[in-house]
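# Structure at a glance
Each chain is listed here by its residues.
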Amino acid sequence: IKIDAEGAELDILKGAQKTILKDRAAGILSIHTFTFPDKGKTLLDIWEIAKELHLKLLFANTEITKQEFLTTDEKGLFDFQYIFTGVKVNKTVAF
């Protein structure tokens, strides 16, 4: 799944939870921090939902830390890969 939504990344991740959990979908997440009203909170929310979904975030095929992700704008990072870690998920997603 490629998510490139000019600021709606968090909403799309929330909406894609069922698909990601069921299909263990991997993909690319393009971050557009200039569109976030509260950049720090939005990046933290994206990081937390990625971790809830057992997604590993990578940049240039290298796993990144929470701190690196939260300073995305400062480092000029833009497109992140994400992969399902393979952990069995026992989470029910209500829609």
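These lines cover the structure that appears in this document, whether it is placed above or below. The written sequence of each chain sets the order in which its residues are numbered from 1. Since the coordinates come from a predicted model, pLDDT governs what is reported: local features require at least 70, and pairs of side-chain atoms require 80 or more to be given and counted, while whole-chain, interface and lining totals use all residues. Side-chain numbers come from the whole structure's heavy atoms, not from hydrogens or water.

### A short note on the pairing of strand β2 (residues 27-30)
For the record, the criterion: A pair of strands is treated as paired once DSSP finds two or more bridges between them. The secondary structure listing takes helices from DSSP runs of H or I that are at least 4 residues long and strands from runs of E that are at least 2 residues long, numbered from the N terminus.
Across two bridges, strand β1 (residues 2-3) lies against β2 in parallel orientation. Bridging from a neighbouring strand, K2 pairs with I28 of β2. Pairing between β2 and strand β5 (residues 79-84): four bridges, direction antiparallel. When the sheet's bridge partners are listed, I28 is paired in β5 with Q81.

### Comments concerning the pattern of salt bridges
As a working rule, side chains carrying opposite charge can pair if their charged atoms are close by. Quick reminder of the rule: Salt bridges are counted wherever a side-chain nitrogen of Lys or Arg sits within 4 Å of a carboxyl oxygen of Asp or Glu. In this scheme, a residue with accessible area under 20% of its type's maximum is buried, one over 50% is exposed, and one in between is partly exposed, where area comes from a 1.4 Å probe on protein chains only.
If you walk through the whole model with that rule in mind, you get four salt bridges. For D4, the salt bridge goes to K2, with nearest N and O atoms at 3.9 Å. Owing to a relative accessible area of 40%, D4 belongs among the partly exposed residues under this scheme. Here K2 falls in the exposed class, since its relative accessible area comes to 51%. Note that D45 and K41 form a salt bridge whose closest N and O atoms lie 2.9 Å from each other. Taken as a pair, D45 and K41 lie in helix α3 (residues 39-52) at a separation of four residues, close to a single helical turn. In this structure D45 comes out as partly exposed when scored by relative accessible area, which is 21%. What makes K41 partly exposed here is its relative accessible area of 48%.

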